[in-house]
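Listed below, chain by chain, are the residues.
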Amino acid sequence: MSYLLNGDRVIMGTDYYPEHWDESLWAPDLDRMLETGIEVIRIAEFSWNKFEPREGEYTYEFFDRFLDLCQEKGMRVIFCTPTATPPAWMTDKYPEVLNARQDGVLYRHGARRHYNYNSTIYQRFTRNICEKLGSHYARHPAIIGWQLDNEINCEMNQFYSESDTLAFREFLKAKYGTVEKLNQAWGTAFWNQTYTSWGEVYVPRTTLSNNTNPHEVLDYKRFVSDSACRWAKLQSDILRKYLKPGDFITTNGLFGDLDNHRMAEESLDFMTYDSYPNMAYGLNSHFTETTSLKDRFWSLNLDEVRALKGTFGIMEQQSGANGWNTGMEAPTPRPGQITLWTMQSIAHGADYVSYFRWRTSTMGTEIYWHGILDYSGRENRRIREVRDVRDKFRKISEIAGTQYQAQVGLIETYDNKWDAELDVWHGSVDRTSMSGLYSASQHTHTPVDLVYLRDDTKADQLKKYKVLFYPHAEILTQAQVDLLEEYVKDGGTVVFGCRAGLKDVTGKCVQQDLPGLARTLTGTDVTEFTLVAPDEGTIHVNWDGDDIEAAVFNDELQPLEGATVLARYENSYYKGVPALIGKKTGKGRTLYFGGAFTEKTAEVFFRRLGVIAPAADIVEAPEGCEITERAGEKGRYLFVLNYEKTEQTIKLHKPVKDLYTGETLQGEKTMKPYETLVLKV
Ligand code: GAL
């Protein structure tokens, strides 16, 4: 059985860099970690030179010494493959291992993640180092599992080296077979882009105003994802030969242009995530532009990692201020915020939390990215708070292995995610709706799951949701429609937003009446559509007395056979035209809404569809608190998290057990700034 995520208890860890510190610090550091409640450390993800200081010369003594000390002290270790930072001797002698900018200039040695997945030379070095590390270290008793690379696709998820072009051609040949079929898929008749041989095809290169063929870019994103998945598999296939029984393979973070589901299925036992909610406070943070949720918006990322395999771990949890010497600065967590953000991870399904990092680095780009301890290692407020978290973990341990509860699912597909990144129209409805639906979910205490539709998704897996929102199903397939129809017939409700069924899987618009493949299921005909003109202000829709907003883009709707008009536009030249259509199918129904979902709109949908605030009969809390639920055989647990710097008063309508104190609570309870509660129902 795996040491982590085995349903037994919630475990605390930290990230440690033995190569950054004098060896005399190792033993006292390990003692102090253990005394702080830290049982697991992650090491070695950036230390290739400690294993292979020169090409073909291997040294294992440094980490042997460290691992033996860990074993002696009783510290468990997650060991990493060091491939995120290829050594200087390699990049200098074999520059083809480097990634390149779109204009072909190579990213040189001196930062990190400067390699490309498709270089056959880098693949050879990687296979070799994985073999060496696996065969030498994997049997070490202190090791409990492995992390592949570090944050695959982080910082840079575009690859333009020559190796990438060669691999892209192979990817396309396997997909299309002939150049003619590629031309059809990419619609190269437009602007005379027709290819006459594979040799003319490249990864997207610098084009005028960057208006590169969108169907090509969509395939390129799929290619980047494929490259990253193959990269993870190359490493895990080797390590698996050497793993001790029960040891696991994971990797950390969720980044763009990567089908994390595929990577997790092919290569990982479970996924871990790196949680830095403080990025939402950072200066110039793009997170603050779309929502007022700040650090609470991070919960969406945790939902995203949970969507992969359910329970997950946190490989890097914020424990100090953010900051690189080149930017990303954010303040030190206020008293209580380390606990709050840790419990945010647990509340969303994590059973392992590892703090980044034990000591703050005194050197390099991350000198301002603080860990638990500052540069000198003196006792501080943050380590005292971590000790308090340790005590809380012991009290709440029974929640390990329980599952996050949600009645609402937000449907996502990788094709639509990627299309929304390259298509500004799709992008703007998508951003508005994700932010609107998620803000409403947070403020009304309506937990949601992200539900990825995959080729092998079965209607049975969708059954547990009362309502599924598919906000903008631009790229829609017949398989998805069939799946959703089965779910609806069985009693489910699917809500579509504007622009459904507009495109096929190549990203080309379908030559059909809209919403294309969704017409029969939704009983909806889209007769015309428009971007909401800037001088229109807010477009209102009256839904039996509920005023909702149809933001960004509006489809003009008409009901087809069996469907009914539920609401109409209130203004603009399409005033009076249907904006919301409902259709019953089997035991369930579909709703087609002509706009994007703002927070106000989403809130009305949650309420009218009967899924708002499912725990309201037990706990009511102000908007500033998040409420989530985990449940399983051991019981039902509610998390209440106060994200505000002010006190918040909650109401408990039934007696519940406060797991931190063991007391029974009922009636009004005032929560301190950033206070968290774990309540057994
Ligand atoms: C993570 C990364 C760590 C460290 C940290 C703070 O994304 O995995 O290595 O860089 O951010 O910047």
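Please read all numbers here as calculations on a predicted model, not as lab measurements.

Draft legend 1. View of helix α8 (residues 214-240). For α8, built from 27 residues, the straight-helix expectation of 39 Å at 1.5 Å per residue is met to within 8% by its first-to-last C-alpha distance of 39 Å. Where burial is concerned, most of α8 is hidden: 22 out of the 27 residues are buried.

Draft legend 2. Here's a closer look at the pairing of strand β6 (residues 272-275). The side-chain alternation of β6 yields two buried faces, one formed by Thr272 and Asp274 and the other by Tyr273 and Ser275. In terms of strand pairing, β6 meets strand β7 (residues 312-318) through 4 bridges, oriented parallel. Within β7, the position partnered with Ser275 by the bridge is Gln317.

Draft legend 3. The sheet that holds strand β4 (residues 143-147), seen in detail. Strands sit in the order β5-β4-β3-β2-β1-β10-β7-β6 across an open sheet of 8 strands; the sheet is parallel. Every interior strand has two partners, whereas the edge strands, β5 (248-250) and β6, have only one. Shown here is a sheet whose adjacent strand axes are inclined to one another by a mean of 25°, direction ignored. In this sheet, strand β2 (residues 40-43) lies alongside strand β1 (residues 11-15) in parallel orientation, the contact comprising 3 bridges. Residue pairing across strands places Gly13 opposite Val40, the latter belonging to β2.

Draft legend 4. Examining the environment of Gly545 more closely. With respect to the helices and strands, Gly545 occurs in the loop between β17 (540-543) and β18 (546-551). Between the C-alpha atom of Gly545 and that of Gly145, which follows or precedes it by 400 residues, the distance is 57 Å.

Draft legend 5. Local environment of the domain arrangement of the protein. Along its sequence, the protein is organised into domain 1 (408-608) and domain 2 (619-680). Its C-alpha centre places domain 1 at a distance of 33 Å from the equivalent point of domain 2. The interface is formed by 4 residues belonging to domain 1 together with 7 residues belonging to domain 2. Buried surface at the junction of domain 1 and domain 2, both sides included, amounts to about 490 Å², of which 49% is carbon and sulfur. Together, Gln442, His443 and His445 form the three largest contributors to the area buried by domain 1 at its contact with domain 2, with a combined 84%. Between the two partners, domain 1 and domain 2, sit 0 salt bridges. Here domain 1 and domain 2 share 3 residue pairs in polar contact (both at pLDDT 80 or more) between them.

Draft legend 6. Just the nonpolar core, in detail. Ile41, Ile43, Phe79, Tyr137, Trp146, Phe469 and Phe605 are the most contacted members of the largest nonpolar core, which totals 152 residues. Mapped onto the domain boundaries, this core takes at least three residues apiece from domain 1 (408-608) and domain 2 (619-680). Core analysis: the next-biggest nonpolar cluster, separate from the first, contains 27 residues, Tyr465, Leu468, Leu483 and Leu514 among them.

Draft legend 7. Here's a closer look at the site of the ligand. By nearness alone, every residue bordering the ligand is listed as Phe46, Arg112, Asn150, Glu151, Asp274, Tyr276, Glu316, Trp324, Phe356, Glu366 and Trp369. Contact between the ligand and Glu151: an oxygen atom at 2.4 Å from a side-chain N or O atom of the residue. Between an oxygen atom of the ligand and a side-chain N or O atom of Trp324, the distance comes to 2.9 Å. Within the complex, the protein chains bury 94% of what would otherwise be the 300 Å² of accessible surface of the ligand.

Draft legend 8. Highlighting the sheet that holds strand β12 (residues 408-412). Pairing is mixed in the open sheet, where 10 strands are placed in the order β13-β12-β14-β15-β22-β21-β20-β17-β18-β23. Whereas interior strands pair on both sides, the edge strands pair on one side only; in this sheet they are β13 (448-452) and β23 (596-597). Of the strand pairs in this sheet, β17 and β18 are connected by 4 bridges, and their pairing is antiparallel. Pairing of Val541 across the sheet is with Ile548, part of β18.

Draft legend 9. Spotlight on a nonpolar patch on the surface. Taken together, the side chains of Val424, Trp425 and Leu531 define a hydrophobic patch exposed on the protein surface, amounting to about 310 Å² of accessible area. Looking at the secondary structure, you find Leu531 in strand β16 (residues 524-531).

Draft legend 10. Representation of the packing of α8 against helix α14 (residues 414-422) in the model. Two numbers describe how α8 lies on α14: the axes approach to 10 Å, and their chain directions differ by 130°. Considered as vectors, α8 and α14 are oriented oblique to each other. For the element pair α8 and α14, the recorded crossing hand is right-handed. Touching Pro214, Val217, Leu218, Lys221, Arg222 and Ser225 of α8 are Asp415, Trp418, Asp419, Glu421 and Leu422, all from α14. Grouping the constituent residues of the contact of α8 with α14 by class yields 5 nonpolar, 1 polar and 5 charged.

Draft legend 11. Local environment of the environment of Pro578. Within the fold, Pro578 resides in strand β21 (residues 578-585). In this structure, the C-alpha to C-alpha distance between Pro578 and Ser433, residues 145 residues apart in sequence, is 20 Å. Non-local contacts of Pro578, meaning those with residues more than four positions away in its chain, are made with Asp555, Glu556, Leu557, Gln558, Val565, Ala567, Arg568 and Tyr569.

Draft legend 12. Quick look at the side chain of Glu304. By the element assignment, Glu304 lies in helix α11 (residues 298-309). Sequence-distant contacts of Glu304, defined by excluding residues within four places in its chain, comprise Leu254, Lys417, Leu450 and Tyr452.

Draft legend 13. Fine view of α11. Burial analysis of α11 places 10 of its 12 residues in the buried class, which makes it a mostly covered element. Residues of α11 that are buried include every one of Trp298, Ser299, Leu300, Asn301, Leu302, Asp303, Glu304, Val305, Arg306 and Leu308, and no others. Of the residues flanking the end of α11, it is Gly310, one or two places downstream, whose phi is positive at about 80°.

Draft legend 14. Up close: the packing of aromatic side chains. Using the criterion set out here, one finds 49 aromatic pairs in the structure. Centroid distance Tyr16 to Phe66: 5.8 Å. Interplanar angle 25°. Geometry classified as stacked. Of the two residues, Tyr16 is situated in the loop between β1 and α1 (26-36) and Phe66 in helix α3 (residues 61-73); the sequence distance between them amounts to 50 residues. A single burial state applies to Tyr16 and to Phe66, both of which are buried.

Reading the values: the criteria
Residues numbered from 1 in each chain as written. Predicted model: local features only at pLDDT ≥ 70, side-chain atom pairs only at ≥ 80, totals over all residues. Heavy atoms only, no water. Helix = DSSP H or I, 4+ residues; strand = E, 2+ residues; numbered from the N terminus. Expected span 1.5 Å × (residues − 1). Buried < 20%, exposed > 50% of the residue type's maximum accessible area, 1.4 Å probe, protein only. Pairing = 2+ DSSP bridges. Axes fitted to C-alpha atoms, helices over the stretch in contact; angles between N-to-C directions. Domains from an automatic or database assignment. Contact = heavy atoms within 4.5 Å. Buried area = accessible area lost by both parts, 1.4 Å probe. Salt bridge = Lys/Arg side-chain N within 4 Å of Asp/Glu carboxyl O. Polar contact = N/O pair within 3.5 Å; in protein donor to acceptor, adjacent residues only side chain to side chain. Core = buried A, V, L, I, M, F, W, Y, C linked by side-chain atoms within 4.5 Å. Near = heavy atom within 4 Å. Areas by Shrake-Rupley, 256 points an atom, 1.4 Å probe, with all protein chains shown as cover. Patch = residues over 30% accessible without salt bridge, like charges linked within 9 Å, V, L, I, M, F, W, Y side chains within 5 Å. Parallel < 35°, antiparallel > 145°, perpendicular 65-115°, else oblique. Left-handed = near helix turned anticlockwise from the far one by under 90°. Nonpolar A, V, L, I, M, F, W, Y, C, P; charged D, E, K, R; others polar. Phe/Tyr/Trp six-rings, centres within 6.5 Å; stacked < 30°, edge-to-face > 60°.

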